[in-house]
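# Fold and geometry: a report
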Amino acid sequence: MSKRDELITKYATDIENRFNITPDMDFLTKVTVGLGPAIYNSDASKVSGSSEKELEIVKQNFLLKKLGMDDGPELMDAIKSVVERYGSSVNNKYRAVVYYMLAKHFNKESVYDA
């Protein structure tokens, strides 16, 4: 099993355990691949849920740029909701999981169909 496949399995387990849903493995793989080499960097592969600066980066780089969303308060509300559901006891949440949950929340899976 490749390192990427191991990470995808780890992300799927997190989604199952933290969000109590069965992940769409094809879509999770697309989100993970879309993150490129960042998934192998211990800092870049995670999102600090307690950092407003980090949450703003998620909004700017993922929701606005990648998903093409229009800016509004609902974006940060969704990010905070995912972070809250992930669990306050988890200091660093996997970026792939956060992005997966946000894309699902906004029904933006088609962005990865290219």
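As a reminder, the structure under discussion sits directly above these lines.
Residues numbered from 1 in each chain as written. Predicted model: local features only at pLDDT ≥ 70, side-chain atom pairs only at ≥ 80, totals over all residues. Heavy atoms only, no water.

### What about the environment of G68?
Using the following cut-off: Strands here are runs of E lasting at least two residues and helices are runs of H or I lasting at least four, both read from the DSSP assignment and numbered beginning at the N terminus.
Here G68 lies in the loop between helix 3 (52–66) and helix 4 (73–86). On a C-alpha basis, the gap between G68 and F106 in space is 11 Å, while along the polypeptide they are 38 residues apart.

### Remarks on the packing of aromatic side chains
Heads up, the rule is: Note on aromatic contacts: the rings of Phe and Tyr and the six-membered ring of Trp form a pair at centre separations within 6.5 Å, being stacked when their planes are under 30 degrees apart, edge-to-face when over 60 apart, and tilted otherwise. Throughout this description, buried means an accessible area under 20% of the type-specific maximum (1.4 Å probe, protein chains only), exposed means over 50%, and partly exposed covers the range between. Note on geometry: a ring has a charge over it if NZ (lysine) or CZ (arginine) is within 6 Å of the ring centre and within 35 degrees of the ring normal.
Scanning the entire structure with this criterion turns up 5 aromatic pairs. Taking the centre distance of 5.1 Å and the plane angle of 55° together, the rings of Y11 and Y94 count as tilted. Note that Y11 is positioned in helix 1 (residues 3–19) and Y94 in strand 2 (residues 92–94), a separation of 83 residues in sequence. By relative accessible area, which is 1% here, Y11 ends up buried. The exposure class of Y94 is buried, given its relative accessible area of 18%. Relative to Y112, the ring of F27 has its centre 5.5 Å away and its plane inclined at 85°; by these criteria the two rings are edge-to-face. Pair noted here: F27 is in helix 2 (residues 25–34) and Y112 is in the segment after helix 5 (95–105), with a separation of 85 residues, a long-range link. By the ring-pair criterion, three or more aromatic residues cluster together here, those being F27, Y100 and Y112. Of note, K66 hangs over the ring of Y112, and the distance from its end group to the ring centre comes to 4.8 Å.

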